[in-house]
Amino acid sequence: MKPPRSERLSAFRPQIARLERRLFLKQGLSLGALSLLSGCTLKDDDAVDRLLMTMSRFNDKIQAALFDPAKLAPTYSQADVTTPFPFNAYYEEKDVPLIDGESYRLQLSGLIADKRPWSLDELRALPQSSQITRLVCVEGWSAIGQWRGVAFRHFLEQVGADLTARYVGFKCADKYYSSIDMPSALHPQTLLALDFTDAKYGYPLRLRLPTKLGFKNPKFIGEIFVTNDYPGGYWEDKGYNWFSGS
Amino acid sequence: MVGGADKPRTIHPLFVRVTHWVNAFAIFVMVLSGWRIYNASPLFGFEFPKDFTLGGWLAGALAWHFAAMWLLALNGLAYLAYGLISGHFRKSFLPISFGGAFDDVLLAMRGLLNHAPGRYNAAQRVFYVGVILAVIVAILSGLAIWKPVQLQTLTALMGGYEAARRVHFFAMAAIVAFLVIHIGLAVSVKGILAPMFTGRAEAPR
(Lines give C-alpha, C1' and ligand atoms only; values in the text may rest on other atoms or scores of the structure.)
Protein backbone atom coordinates (compact mmCIF):
# COMPACT_ATOMS: atom_id res chain seq x y z
CA MET A 1 0.00 0.00 0.00
CA LYS A 2 1.16 3.49 -0.77
CA PRO A 3 1.96 5.77 2.17
CA PRO A 4 -0.22 8.90 2.46
CA ARG A 5 0.73 11.70 0.09
CA SER A 6 2.04 13.96 2.87
CA GLU A 7 4.51 11.29 4.01
CA ARG A 8 5.71 10.63 0.50
CA LEU A 9 6.31 14.34 0.07
CA SER A 10 8.07 14.77 3.38
CA ALA A 11 10.58 12.12 2.43
CA PHE A 12 11.74 14.41 -0.35
CA ARG A 13 11.69 17.61 1.64
CA PRO A 14 15.48 17.83 2.14
CA GLN A 15 16.05 17.39 -1.57
CA ILE A 16 13.42 19.98 -2.38
CA ALA A 17 15.05 22.43 0.01
CA ARG A 18 18.42 21.83 -1.61
CA LEU A 19 16.95 22.28 -5.04
CA GLU A 20 15.31 25.54 -4.01
CA ARG A 21 18.61 26.85 -2.77
CA ARG A 22 20.27 25.98 -6.03
CA LEU A 23 17.56 27.58 -8.10
CA PHE A 24 18.04 31.11 -6.87
CA LEU A 25 19.60 32.38 -10.05
CA LYS A 26 17.64 30.18 -12.39
CA GLN A 27 14.42 31.97 -11.54
CA GLY A 28 15.86 35.11 -12.94
CA LEU A 29 16.82 33.40 -16.12
CA SER A 30 13.53 31.70 -16.78
CA LEU A 31 11.85 35.01 -16.10
CA GLY A 32 13.20 35.73 -19.29
CA ALA A 33 14.61 39.08 -19.96
CA LEU A 34 17.17 37.04 -21.83
CA SER A 35 14.79 34.63 -23.53
CA LEU A 36 12.20 37.32 -24.06
CA LEU A 37 14.43 39.82 -25.77
CA SER A 38 16.94 37.62 -27.52
CA GLY A 39 14.48 34.91 -28.47
CA CYS A 40 16.71 32.16 -27.16
CA THR A 41 15.96 30.09 -24.10
CA LEU A 42 18.93 29.15 -21.98
CA LYS A 43 18.26 25.48 -21.30
CA ASP A 44 21.50 24.90 -19.50
CA ASP A 45 20.60 27.02 -16.48
CA ASP A 46 22.82 25.05 -14.15
CA ALA A 47 25.95 25.90 -16.08
CA VAL A 48 25.03 29.61 -15.96
CA ASP A 49 24.37 29.32 -12.25
CA ARG A 50 27.73 27.69 -11.68
CA LEU A 51 29.50 30.27 -13.82
CA LEU A 52 27.98 33.12 -11.82
CA MET A 53 29.00 31.51 -8.52
CA THR A 54 32.51 30.92 -9.87
CA MET A 55 32.70 34.59 -10.81
CA SER A 56 31.49 35.56 -7.33
CA ARG A 57 34.28 33.47 -5.74
CA PHE A 58 36.74 35.10 -8.18
CA ASN A 59 35.45 38.51 -7.09
CA ASP A 60 36.07 37.49 -3.45
CA LYS A 61 39.74 37.01 -4.33
CA ILE A 62 39.95 40.28 -6.27
CA GLN A 63 38.39 42.20 -3.39
CA ALA A 64 40.73 40.58 -0.86
CA ALA A 65 43.66 41.66 -3.03
CA LEU A 66 42.20 45.17 -3.40
CA PHE A 67 41.68 45.48 0.36
CA ASP A 68 44.25 47.81 1.89
CA PRO A 69 44.46 47.09 5.64
CA ALA A 70 45.74 50.63 6.28
CA LYS A 71 43.19 52.53 4.20
CA LEU A 72 40.60 54.22 6.40
CA ALA A 73 37.00 54.79 5.42
CA PRO A 74 36.00 58.47 5.25
CA THR A 75 34.62 59.79 8.52
CA TYR A 76 31.93 62.41 8.99
CA SER A 77 30.80 64.94 11.57
CA GLN A 78 27.95 64.63 14.04
CA ALA A 79 25.87 66.93 11.84
CA ASP A 80 26.07 64.45 8.94
CA VAL A 81 24.46 61.60 10.89
CA THR A 82 21.31 60.25 9.22
CA THR A 83 18.27 60.48 11.51
CA PRO A 84 16.29 58.38 11.81
CA PHE A 85 18.78 55.72 10.79
CA PRO A 86 17.07 53.19 8.49
CA PHE A 87 16.17 49.88 10.12
CA ASN A 88 17.06 46.91 7.95
CA ALA A 89 16.94 43.17 8.66
CA TYR A 90 15.51 40.03 7.08
CA TYR A 91 12.50 40.45 9.39
CA GLU A 92 10.32 43.36 10.47
CA GLU A 93 11.24 45.86 13.11
CA LYS A 94 8.67 44.49 15.59
CA ASP A 95 10.45 41.11 15.55
CA VAL A 96 13.84 42.28 16.86
CA PRO A 97 15.12 40.06 19.67
CA LEU A 98 14.95 41.54 23.15
CA ILE A 99 18.06 40.69 25.12
CA ASP A 100 18.62 41.12 28.85
CA GLY A 101 21.91 42.97 29.21
CA GLU A 102 22.42 41.82 32.82
CA SER A 103 22.52 38.12 32.03
CA TYR A 104 24.03 38.53 28.57
CA ARG A 105 27.30 36.69 27.94
CA LEU A 106 29.22 36.82 24.68
CA GLN A 107 30.28 33.26 23.80
CA LEU A 108 33.59 32.46 22.10
CA SER A 109 34.56 29.34 20.18
CA GLY A 110 36.92 28.00 17.56
CA LEU A 111 40.58 29.02 17.26
CA ILE A 112 40.59 31.21 20.38
CA ALA A 113 42.91 30.53 23.35
CA ASP A 114 40.72 32.02 26.07
CA LYS A 115 37.09 31.05 25.45
CA ARG A 116 35.67 32.48 28.69
CA PRO A 117 32.32 34.24 28.04
CA TRP A 118 32.24 38.04 28.32
CA SER A 119 29.69 40.15 30.18
CA LEU A 120 28.79 43.62 28.94
CA ASP A 121 30.57 45.23 31.89
CA GLU A 122 33.77 43.38 31.01
CA LEU A 123 33.48 44.52 27.39
CA ARG A 124 32.92 48.09 28.55
CA ALA A 125 36.03 47.90 30.70
CA LEU A 126 38.12 47.56 27.53
CA PRO A 127 39.29 50.75 25.75
CA GLN A 128 36.41 52.24 23.74
CA SER A 129 36.54 54.16 20.49
CA SER A 130 33.94 55.88 18.37
CA GLN A 131 33.37 56.41 14.66
CA ILE A 132 30.98 58.27 12.38
CA THR A 133 31.03 56.48 9.05
CA ARG A 134 28.83 55.68 6.08
CA LEU A 135 27.00 52.36 6.05
CA VAL A 136 26.37 51.21 2.48
CA CYS A 137 23.59 48.68 1.99
CA VAL A 138 23.77 45.97 -0.66
CA GLU A 139 20.48 47.43 -1.93
CA GLY A 140 22.26 50.65 -2.85
CA TRP A 141 21.13 53.14 -0.23
CA SER A 142 23.52 54.48 2.35
CA ALA A 143 23.28 56.20 5.72
CA ILE A 144 25.76 57.84 8.06
CA GLY A 145 25.77 56.59 11.63
CA GLN A 146 27.75 56.72 14.83
CA TRP A 147 29.00 53.64 16.63
CA ARG A 148 31.12 53.24 19.76
CA GLY A 149 32.77 50.18 21.19
CA VAL A 150 35.87 48.02 21.37
CA ALA A 151 38.37 47.88 18.52
CA PHE A 152 37.82 44.36 17.23
CA ARG A 153 41.55 43.81 16.74
CA HIS A 154 42.14 44.63 20.41
CA PHE A 155 39.45 42.19 21.46
CA LEU A 156 40.77 39.38 19.26
CA GLU A 157 44.28 39.92 20.64
CA GLN A 158 42.89 40.03 24.19
CA VAL A 159 41.24 36.60 23.90
CA GLY A 160 44.19 35.04 22.10
CA ALA A 161 42.44 34.46 18.78
CA ASP A 162 44.52 32.84 16.05
CA LEU A 163 45.10 35.96 13.94
CA THR A 164 46.47 33.86 11.10
CA ALA A 165 43.15 32.03 10.73
CA ARG A 166 41.09 32.83 7.65
CA TYR A 167 37.66 33.67 9.02
CA VAL A 168 35.84 35.22 11.93
CA GLY A 169 32.24 34.08 12.22
CA PHE A 170 29.24 35.49 14.09
CA LYS A 171 26.10 33.83 15.41
CA CYS A 172 23.31 36.18 16.37
CA ALA A 173 20.27 36.15 18.63
CA ASP A 174 18.00 36.83 15.64
CA LYS A 175 19.19 33.61 13.94
CA TYR A 176 21.29 35.74 11.60
CA TYR A 177 24.84 34.63 10.96
CA SER A 178 27.73 35.96 8.91
CA SER A 179 31.49 35.82 8.58
CA ILE A 180 34.35 38.05 7.51
CA ASP A 181 37.98 37.62 6.47
CA MET A 182 40.67 38.07 9.11
CA PRO A 183 42.36 41.11 7.46
CA SER A 184 39.03 42.99 7.56
CA ALA A 185 38.49 41.87 11.17
CA LEU A 186 41.86 43.43 12.07
CA HIS A 187 41.19 46.73 10.23
CA PRO A 188 41.54 49.72 12.61
CA GLN A 189 37.92 50.81 11.99
CA THR A 190 36.37 47.41 12.72
CA LEU A 191 34.46 47.76 15.98
CA LEU A 192 32.62 45.51 18.38
CA ALA A 193 29.98 48.17 18.89
CA LEU A 194 28.27 48.54 22.27
CA ASP A 195 26.74 51.98 21.77
CA PHE A 196 24.50 53.06 18.92
CA THR A 197 21.36 55.13 18.62
CA ASP A 198 18.79 52.44 19.42
CA ALA A 199 18.55 48.87 20.76
CA LYS A 200 16.81 47.79 17.56
CA TYR A 201 20.10 48.23 15.70
CA GLY A 202 21.64 45.27 17.50
CA TYR A 203 21.60 45.51 21.31
CA PRO A 204 23.68 44.56 23.10
CA LEU A 205 26.49 43.90 20.66
CA ARG A 206 27.00 44.30 16.95
CA LEU A 207 29.88 44.38 14.54
CA ARG A 208 30.59 47.62 12.73
CA LEU A 209 33.04 47.73 9.86
CA PRO A 210 32.82 50.51 7.27
CA THR A 211 34.98 48.46 4.90
CA LYS A 212 32.11 46.11 4.08
CA LEU A 213 28.45 46.33 3.06
CA GLY A 214 25.77 46.62 5.74
CA PHE A 215 24.76 42.96 5.78
CA LYS A 216 28.34 42.08 6.80
CA ASN A 217 27.75 44.04 10.04
CA PRO A 218 25.85 41.45 12.12
CA LYS A 219 23.63 42.67 14.96
CA PHE A 220 22.56 41.04 18.27
CA ILE A 221 25.79 39.00 18.35
CA GLY A 222 25.68 36.03 20.72
CA GLU A 223 28.78 34.14 19.68
CA ILE A 224 32.04 34.87 17.89
CA PHE A 225 34.21 32.11 16.46
CA VAL A 226 37.50 31.93 14.58
CA THR A 227 37.96 29.25 11.95
CA ASN A 228 39.70 28.17 8.77
CA ASP A 229 36.55 26.51 7.42
CA TYR A 230 34.37 28.79 5.31
CA PRO A 231 31.41 29.68 7.55
CA GLY A 232 29.18 31.40 4.96
CA GLY A 233 26.34 33.58 6.16
CA TYR A 234 22.59 34.10 6.09
CA TRP A 235 22.54 36.18 2.89
CA GLU A 236 25.82 34.83 1.56
CA ASP A 237 24.34 31.31 1.43
CA LYS A 238 21.41 32.71 -0.55
CA GLY A 239 23.71 34.19 -3.18
CA TYR A 240 25.14 37.53 -2.06
CA ASN A 241 28.83 37.92 -2.68
CA TRP A 242 30.71 36.77 0.43
CA PHE A 243 33.53 39.35 0.64
CA SER A 244 31.27 42.33 -0.14
CA GLY A 245 33.99 44.87 0.60
CA SER A 246 33.50 48.62 0.21
CA MET B 1 34.42 50.77 -62.93
CA VAL B 2 31.33 49.88 -64.91
CA GLY B 3 28.19 51.69 -63.79
CA GLY B 4 30.06 53.15 -60.84
CA ALA B 5 29.43 49.99 -58.77
CA ASP B 6 31.81 49.54 -55.87
CA LYS B 7 33.58 46.30 -55.20
CA PRO B 8 32.78 44.56 -51.87
CA ARG B 9 35.47 45.25 -49.31
CA THR B 10 35.91 44.97 -45.56
CA ILE B 11 34.33 48.06 -44.00
CA HIS B 12 34.26 46.74 -40.42
CA PRO B 13 37.55 45.12 -39.33
CA LEU B 14 37.22 41.73 -37.64
CA PHE B 15 38.51 43.12 -34.34
CA VAL B 16 35.82 45.80 -34.31
CA ARG B 17 33.09 43.29 -35.17
CA VAL B 18 34.08 40.83 -32.43
CA THR B 19 34.45 43.48 -29.73
CA HIS B 20 31.20 45.09 -30.88
CA TRP B 21 29.13 41.94 -30.34
CA VAL B 22 30.87 40.97 -27.11
CA ASN B 23 30.20 44.51 -25.93
CA ALA B 24 26.56 44.27 -27.04
CA PHE B 25 26.10 41.16 -24.89
CA ALA B 26 27.92 42.71 -21.91
CA ILE B 27 25.91 45.95 -22.11
CA PHE B 28 22.68 43.96 -22.41
CA VAL B 29 23.51 42.04 -19.21
CA MET B 30 24.80 45.11 -17.36
CA VAL B 31 21.74 47.24 -18.16
CA LEU B 32 19.10 44.60 -17.40
CA SER B 33 20.76 43.38 -14.20
CA GLY B 34 21.42 47.02 -13.27
CA TRP B 35 17.70 47.76 -13.56
CA ARG B 36 16.97 44.98 -11.09
CA ILE B 37 19.61 46.35 -8.71
CA TYR B 38 18.10 49.83 -9.09
CA ASN B 39 14.68 48.41 -8.13
CA ALA B 40 16.05 47.26 -4.75
CA SER B 41 16.38 50.90 -3.74
CA PRO B 42 14.98 53.22 -6.44
CA LEU B 43 16.69 56.60 -6.70
CA PHE B 44 13.73 58.21 -8.41
CA GLY B 45 9.98 57.74 -8.26
CA PHE B 46 9.77 54.71 -10.51
CA GLU B 47 10.89 51.11 -10.90
CA PHE B 48 11.83 49.17 -13.99
CA PRO B 49 9.28 46.51 -15.05
CA LYS B 50 10.45 43.27 -13.44
CA ASP B 51 10.04 41.23 -16.64
CA PHE B 52 12.62 43.44 -18.32
CA THR B 53 15.24 42.85 -15.68
CA LEU B 54 17.81 40.13 -15.23
CA GLY B 55 18.62 38.09 -12.15
CA GLY B 56 15.21 37.44 -10.61
CA TRP B 57 16.10 39.04 -7.30
CA LEU B 58 18.84 41.29 -5.95
CA ALA B 59 21.46 38.58 -5.36
CA GLY B 60 20.97 37.13 -8.84
CA ALA B 61 21.11 40.57 -10.44
CA LEU B 62 24.29 41.47 -8.54
CA ALA B 63 25.88 38.15 -9.55
CA TRP B 64 25.16 38.93 -13.21
CA HIS B 65 26.32 42.53 -12.86
CA PHE B 66 29.62 41.69 -11.16
CA ALA B 67 30.33 38.85 -13.60
CA ALA B 68 29.55 40.81 -16.77
CA MET B 69 31.52 43.84 -15.57
CA TRP B 70 34.72 41.93 -16.32
CA LEU B 71 33.56 41.17 -19.83
CA LEU B 72 32.55 44.80 -20.38
CA ALA B 73 35.78 46.25 -18.98
CA LEU B 74 38.27 43.83 -20.56
CA ASN B 75 36.53 43.86 -23.94
CA GLY B 76 36.29 47.65 -23.74
CA LEU B 77 39.99 47.98 -22.95
CA ALA B 78 40.87 45.71 -25.88
CA TYR B 79 38.69 47.83 -28.16
CA LEU B 80 40.20 51.11 -26.94
CA ALA B 81 43.74 49.74 -27.33
CA TYR B 82 42.95 48.54 -30.84
CA GLY B 83 41.24 51.80 -31.78
CA LEU B 84 44.15 53.91 -30.60
CA ILE B 85 47.00 51.75 -31.88
CA SER B 86 45.56 50.74 -35.26
CA GLY B 87 44.49 54.27 -36.11
CA HIS B 88 40.86 53.14 -36.33
CA PHE B 89 39.73 55.97 -34.03
CA ARG B 90 41.74 58.61 -35.90
CA LYS B 91 40.53 57.47 -39.30
CA SER B 92 36.90 56.82 -38.38
CA PHE B 93 36.07 59.36 -35.68
CA LEU B 94 38.10 62.44 -36.62
CA PRO B 95 37.38 65.19 -37.21
CA ILE B 96 34.57 65.62 -34.71
CA SER B 97 32.11 68.36 -35.69
CA PHE B 98 29.10 69.14 -33.53
CA GLY B 99 27.74 71.51 -36.16
CA GLY B 100 28.12 68.84 -38.82
CA ALA B 101 26.46 66.31 -36.53
CA PHE B 102 23.54 68.66 -35.96
CA ASP B 103 23.11 69.17 -39.72
CA ASP B 104 23.28 65.41 -40.28
CA VAL B 105 20.62 64.76 -37.65
CA LEU B 106 18.32 67.30 -39.34
CA LEU B 107 18.94 65.65 -42.71
CA ALA B 108 18.35 62.18 -41.24
CA MET B 109 15.05 63.30 -39.71
CA ARG B 110 13.89 64.44 -43.12
CA GLY B 111 15.08 61.17 -44.62
CA LEU B 112 17.68 62.95 -46.72
CA LEU B 113 20.88 61.68 -45.13
CA ASN B 114 22.81 59.34 -47.38
CA HIS B 115 24.40 56.43 -45.56
CA ALA B 116 27.79 55.83 -47.15
CA PRO B 117 29.07 52.36 -46.25
CA GLY B 118 32.54 52.37 -44.75
CA ARG B 119 32.44 55.98 -43.68
CA TYR B 120 30.88 57.44 -40.53
CA ASN B 121 28.93 60.66 -41.05
CA ALA B 122 29.31 63.56 -38.60
CA ALA B 123 26.32 62.45 -36.49
CA GLN B 124 27.67 58.91 -36.19
CA ARG B 125 31.06 60.20 -35.11
CA VAL B 126 29.60 62.31 -32.32
CA PHE B 127 27.24 59.54 -31.18
CA TYR B 128 29.90 56.78 -31.21
CA VAL B 129 32.47 58.87 -29.36
CA GLY B 130 29.70 59.98 -27.00
CA VAL B 131 28.60 56.45 -26.14
CA ILE B 132 32.21 55.34 -25.63
CA LEU B 133 32.58 58.17 -23.12
CA ALA B 134 29.25 57.22 -21.48
CA VAL B 135 30.47 53.63 -21.02
CA ILE B 136 33.72 54.89 -19.51
CA VAL B 137 31.75 57.11 -17.09
CA ALA B 138 29.46 54.17 -16.26
CA ILE B 139 32.46 51.98 -15.45
CA LEU B 140 34.21 54.65 -13.36
CA SER B 141 31.05 55.55 -11.42
CA GLY B 142 30.35 51.82 -10.99
CA LEU B 143 33.79 51.36 -9.46
CA ALA B 144 33.15 54.37 -7.21
CA ILE B 145 29.93 52.75 -5.93
CA TRP B 146 31.49 49.30 -5.61
CA LYS B 147 34.54 50.44 -3.65
CA PRO B 148 33.80 53.76 -1.89
CA VAL B 149 36.52 53.01 0.69
CA GLN B 150 39.31 51.38 -1.32
CA LEU B 151 38.76 53.72 -4.29
CA GLN B 152 37.65 56.72 -2.20
CA THR B 153 39.54 59.23 -4.35
CA LEU B 154 37.51 58.14 -7.36
CA THR B 155 34.30 58.23 -5.29
CA ALA B 156 35.16 61.75 -4.09
CA LEU B 157 35.79 62.75 -7.70
CA MET B 158 32.25 61.62 -8.51
CA GLY B 159 30.95 63.86 -5.73
CA GLY B 160 30.70 61.18 -3.06
CA TYR B 161 28.89 57.84 -2.81
CA GLU B 162 25.32 59.11 -3.27
CA ALA B 163 26.29 61.37 -6.18
CA ALA B 164 28.17 58.47 -7.81
CA ARG B 165 24.95 56.43 -7.79
CA ARG B 166 23.28 59.21 -9.77
CA VAL B 167 26.21 59.54 -12.17
CA HIS B 168 25.97 55.77 -12.72
CA PHE B 169 22.24 56.02 -13.40
CA PHE B 170 22.58 58.84 -15.93
CA ALA B 171 25.48 57.14 -17.69
CA MET B 172 23.17 54.12 -18.08
CA ALA B 173 20.38 56.41 -19.32
CA ALA B 174 22.72 57.92 -21.93
CA ILE B 175 23.77 54.45 -23.11
CA VAL B 176 20.15 53.28 -23.35
CA ALA B 177 19.15 56.46 -25.23
CA PHE B 178 22.00 55.79 -27.66
CA LEU B 179 20.84 52.17 -28.05
CA VAL B 180 17.29 53.19 -28.92
CA ILE B 181 18.61 55.29 -31.82
CA HIS B 182 21.41 52.88 -32.73
CA ILE B 183 19.30 49.72 -32.85
CA GLY B 184 16.40 51.58 -34.44
CA LEU B 185 18.63 52.72 -37.31
CA ALA B 186 20.53 49.43 -37.55
CA VAL B 187 17.34 47.51 -38.28
CA SER B 188 15.61 50.16 -40.39
CA VAL B 189 18.36 51.41 -42.71
CA LYS B 190 18.75 48.89 -45.51
CA GLY B 191 21.95 46.88 -45.77
CA ILE B 192 23.87 48.10 -42.73
CA LEU B 193 23.23 45.27 -40.26
CA ALA B 194 24.73 42.38 -42.27
CA PRO B 195 28.17 44.00 -42.66
CA MET B 196 28.42 44.19 -38.85
CA PHE B 197 28.56 40.36 -38.98
CA THR B 198 30.37 39.76 -42.28
CA GLY B 199 32.39 42.95 -42.31
CA ARG B 200 31.91 43.28 -46.07
CA ALA B 201 29.92 45.76 -48.10
CA GLU B 202 30.06 47.43 -51.49
CA ALA B 203 31.76 50.64 -50.60
CA PRO B 204 33.97 53.23 -52.23
CA ARG B 205 37.61 52.99 -51.26
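Below is a short write-up of the structure. This structure is a prediction, so every number in the text was calculated from the model and none was measured.

In terms of regular secondary structure, chain B is built from eight helices and two strands. Put simply, chain B runs from its N terminus to its C terminus through helices and strands in the order β-α-α-α-α-α-α-α-α-β. Viewed in the frame of its principal axes, chain B has a C-alpha envelope of about 65 × 35 × 30 Å. The buried share of chain B, reckoned over its 205 residues, is 27%. Across chain B, the fraction of contacts at a sequence separation of at least 24, relative to all contacts at a separation of at least 6, is 63%.

As a further point, take the overall build of chain A. In terms of helices and strands, chain A carries seven helices and eight strands. Buried positions account for 37% of the 246 residues belonging to chain A. Within chain A, contacts between residues at least 6 apart in sequence are counted, and of these 71% link residues at least 24 apart.

Looking now at the nonpolar core. Counting residues in hydrophobic clusters, the biggest one holds 40 residues, and the most contacted among them are Met30(B), Leu62(B), Trp64(B) and Ala68(B). For this core, the leading source of residues is helix H2 (residues 58–86) of chain B, giving eleven residues. Core analysis: the second largest hydrophobic core is formed by 32 residues, Leu108(A), Leu191(A), Ala193(A) and Ile224(A) among them.

All names here are of chain A. Taken in spatial order, the four strands of this open sheet run E1-E8-E4-E5, and their pairing is mixed. If you trace the sheet from one side to the other, it starts and ends with strand E1 (107–110) and strand E5 (177–181), each paired once. On average, adjacent strands in this sheet sit at an angle of 20° to one another, irrespective of strand direction. Here strand E4 (residues 167–172) pairs with E5 via five bridges, running antiparallel. Pairing of Lys171 across the sheet is with Tyr177, part of E5.

All names here are of chain A. Sheet topology places E1 next to strand E8 (residues 221–227); four bridges connect them, and they run parallel. Bridging from a neighbouring strand, Leu108 pairs with Ile224 of E8. As paired strands, E4 and E8 are joined by six bridges and run antiparallel to one another. Paired with Phe170 across the bridge in E8 is Ile224.

Here we come to the interface of chain B and chain A. Chain B puts 27 residues into the contact, and the matching count from chain A is 34 residues. Ranked by the residues each element gives to the side of chain B that touches chain A, the list is headed by H2(B), at eight residues. Looking at the side of chain B that touches chain A, its residues break down into 16 nonpolar, seven polar and four charged.

All right, on to the sheet that holds strand E7 (residues 206–208) of chain A then. Residues and elements named next belong to chain A. The strand order across the open sheet formed by four strands is E2-E3-E6-E7, and the pairing between neighbours is antiparallel. Of all the strands in the sheet, just strand E2 (128–136) and E7 have a single pairing partner and so form its edges. Averaged over all adjacent pairs, the angle separating strand axes in this sheet is 55°, with direction ignored.

All names here are of chain B. Between the first and last C-alpha of helix H5 (residues 122–146) there are 36 Å, a value that for 25 residues agrees with the 36 Å anticipated at 1.5 Å per step. Along H5, the residues that are buried comprise Ala122, Ala123, Arg125, Val126, Phe127, Val135, Ala138, Ser141, Gly142, Ala144, Ile145 and Trp146. Buried positions along H5 lie against H2, helix H3 (88–93), helix H4 (98–109), helix H6 (152–157) and helix H7 (161–188).

Calculation rules
- Residues numbered from 1 in each chain as written.
- Chains lettered and ligands numbered in written order.
- Predicted model: local features only at pLDDT ≥ 70, side-chain atom pairs only at ≥ 80, totals over all residues.
- Helix = DSSP H or I, 4+ residues; strand = E, 2+ residues; numbered from the N terminus.
- Buried ≥ 20, exposed ≤ 12 C-beta atoms within 10 Å, placed from the backbone.
- Contact = placed C-beta atoms within 7 Å.
- Core = buried A, V, L, I, M, F, W, Y, C linked by C-beta atoms within 7 Å.
- Pairing = 2+ DSSP bridges.
- Axes fitted to C-alpha atoms, helices over the stretch in contact; angles between N-to-C directions.
- Nonpolar A, V, L, I, M, F, W, Y, C, P; charged D, E, K, R; others polar.
- Expected span 1.5 Å × (residues − 1).

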